[in-house]
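Here's the letter readout for the chains.
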Amino acid sequence: MRTTTLGEIAEWGSGGTPKRAVAEYFGKGTPWLSIADLNDGLVTSAKESLTPAGIANSSAKIVPEGTIFVAMYGSIGKLGIAGAEMATSQAIAFAKPEEKLVDTRFLFQYLLAQRPKLQNLGRGGTQMNIGQGDLKAWPIPLPQLPEQRRIASILDQADAIRTKRRQVLAHLDSLAQAIFRDMFGDLSDTQPLSELVTEFRYGTSSRSGPTGNPTLRIPNIVSGGINHAEIKTVSVRDSELSRLVLRDNDLLFVRTNGNPDNVGRCAVFTQSAVADAGYGESPWIFASYLIRARLRDGAAAAFVATFLTTPAGRKHLRDRSKTSAGQYNINIDGIGSVPVPVSDRARQVEFSARIEQLDSRRARLRAALAADNELFASLQSRAFRGEL
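Counting from 1, residues in each chain are numbered in the order their sequence is written. In keeping with the model being predicted, local features are shown solely for residues with a pLDDT of at least 70 and side-chain atom pairs are shown and tallied solely at 80 or more, while totals for entire chains, interfaces and linings include all residues. Heavy atoms throughout the structure, all of them, feed into the side-chain values; hydrogens and water do not.

Undergrad: I'd like to hear about the overall build of the chain, residue by residue, with values.
TA: Helix and strand counts for the chain come out as 10 helices and 25 strands. The globule rule is 2.2 Å times the number of residues to the power 0.38, and the radius of gyration it is compared with is taken over C-alpha atoms. For the chain, whose C-alpha radius of gyration is 23 Å, the value lies close to the compact-globule estimate of 21 Å for 388 residues. Once the C-alpha set of the chain is aligned to its principal axes, its extents read approximately 65 × 50 × 40 Å. Here the term buried applies to any residue with accessible area under 20% of the maximum for its type, exposed to any over 50%, and partly exposed to those in between, with areas from a 1.4 Å probe on protein chains only. Split into buried and exposed, the 388 residues of the chain put 47% on the buried side. Contact definition: two residues touch when any of their heavy atoms are within 4.5 Å. Considering only contacts within the chain whose residues lie at least 6 apart along the sequence, 76% involve residues at least 24 apart. In short, Shrake-Rupley with a 1.4 Å probe defines the accessible areas, and a residue's cover is counted only from the protein chains shown. Working note: accessible area of the chain is about 18,700 Å², and carbon and sulfur atoms make up 49% of it. Of note, the chain has its 47 positive side-chain charges centred 3 Å away from the centre of its 39 negative side-chain charges. Secondary structure elements follow DSSP: runs of H or I no shorter than four residues count as helices, runs of E no shorter than two count as strands, and numbering proceeds from the N terminus. In this tally, Lys and Arg are treated as positive and Asp and Glu as negative; His is ignored, and so are the chain termini. In this description, the location of a charge corresponds to atom NZ of lysine, CZ of arginine, CG of aspartate or CD of glutamate.

Undergrad: Tell me about helix H3 (residues 104-121), and please be specific about residues and values.
TA: Here, expected helix span is obtained from the residue count minus one, scaled by 1.5 Å. Along its 18 residues, H3 runs 24 Å from first to last C-alpha, staying within 8% of the 26 Å computed at 1.5 Å per residue. Two axes enter the definition of the bend at a residue: one is fitted to the seven residues ending there, the other to the seven starting there, and the bend is the angle between them. The largest bend in H3 comes to about 55 degrees, at Arg115, with the proline Pro116 one to four residues further on. Within the sequence span of H3, burial applies to Phe106, Leu107, Phe108, Gln109, Tyr110, Leu111, Leu112, Gln114, Arg115 and Leu118. Measuring from the side-chain oxygen of the N-cap residue of H3 to the backbone nitrogen of Arg105 gives 3.1 Å; that N-cap residue is Asp103. For the purposes of these results, a polar contact is taken to be a pair of N or O atoms within 3.5 Å, where, inside protein, one atom must be able to donate a hydrogen and its partner to accept one; residues adjacent in sequence count only when each atom of the pair is a side-chain atom.

Undergrad: Help me get a handle on the pairing of strand E22 (residues 290-295), residues and values and all.
TA: Within E22, six of the six residues are buried, leaving the element largely enclosed by the surrounding structure. Burial along E22 is two-sided: the face carrying Leu290, Arg292 and Arg294 and the face carrying Ile291, Ala293 and Leu295 are both buried. As judged from the five bridges shared by strand E12 (residues 197-202) and E22, these two strands associate in the antiparallel manner. Paired with Val197 across the strands is Leu295, a residue of E22. Strands are labelled as partners when DSSP assigns at least two bridges between them. Across four bridges, the pairing between strand E18 (residues 250-254) and E22 is antiparallel. Following the sheet pairing, Leu252 is matched in E22 by Arg292.

Undergrad: Could you give an account of the nonpolar core, naming the residues involved and the relevant values?
TA: Residues Leu193, Leu251, Phe253, Val304, Leu308 and Phe351 are the most contacted members of the largest nonpolar core, which totals 38 residues. The set of elements that each furnish at least two residues to this core consists of helix H5 (145-184), E12, E18, strand E20 (266-269), E22, helix H7 (301-307), helix H9 (332-336) and helix H10 (345-383). Sequence-distant contacts of Leu251, defined by excluding residues within four places in its chain, comprise Ala267, Val268, Ile291, Arg292, Ala293, Leu295, Ala301, Val304 and Ala305. Put simply, a nonpolar core is a bunch of buried Ala, Val, Leu, Ile, Met, Phe, Trp, Tyr and Cys residues held in one set by side-chain atoms that sit within 4.5 Å of each other. Counting residues in hydrophobic clusters, the runner-up holds 33 residues, among them Met72, Leu111, Leu112 and Phe384.

Structure representation (structure tokens):
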């Protein structure tokens, strides 16, 4: 099996952005991808499109179906495969595979396996990035085409199992919203979230190390709860620990992200959610890119968290976020000003009990997905060492 470079087995390029001030550049026409449109799979649509004038008056380029997309900014290594003719922003590199040299699915799976290393290559200040030159120079082991297709088929099948688990998790998230609409859809009165909160607090900026308290970060705050995979530990002074320790029914918010749909993402912390993470009775704390909201009544935690996943709740959070250098941010004042429906405590308690049952199912699915991810990573490693 020979080794070559990505630049030798595909034609590479990147896109561009027309002037936003010219309205006729945007509208019916060619789907125009931003990083938020990439889904690590087949991409068939985009939030925005460029008109022929938008294409002609920018460095955006139309690429054919089957082109592979690679994010170069922020979410480095995020992938997609064009399901039709498309164009992209300059934050996305595209690769048109040379069919006589490389199988498209093999290249896609290889890039997926290389994502952590590509992310480590990132450079920059507020937003890490890589360039086309980095991608073109990146080495790739290249077996014969029949072997490439065999490897890609095995990895595709393993990846499909992970995809189905994620789909079930997404279904449970939508089920929580359906229960919310059924129980609270008739509510019209609102109050600022700050009126339900006794304290907002930012997390620790101390560095992680080999010892310390288990510390939740942005990747651990997922829709519907806490994901305790890849927990870091941080050592803090006793005075800081007393301020940062997490209690049951604390709400944790993501305050900064390159994707506006992730800013304000929140989850309810409970000890039961992290009981099997392997840290015993050690107090849990949270990192600086999170905001903790401690509610006056814990029964409202599931109610508030689920409301903030609804389209109305997400809109309130997006409207209160600001952008700088490609990063979206929301602060305590923005979160506190979000209008939350007013509901009586009895209904909130009932809703919390129903969500607790869903959370138990979600926790089991996340554990199974974590096992799937470990198996998939092992298969990737063996595949590209020629051992599969």
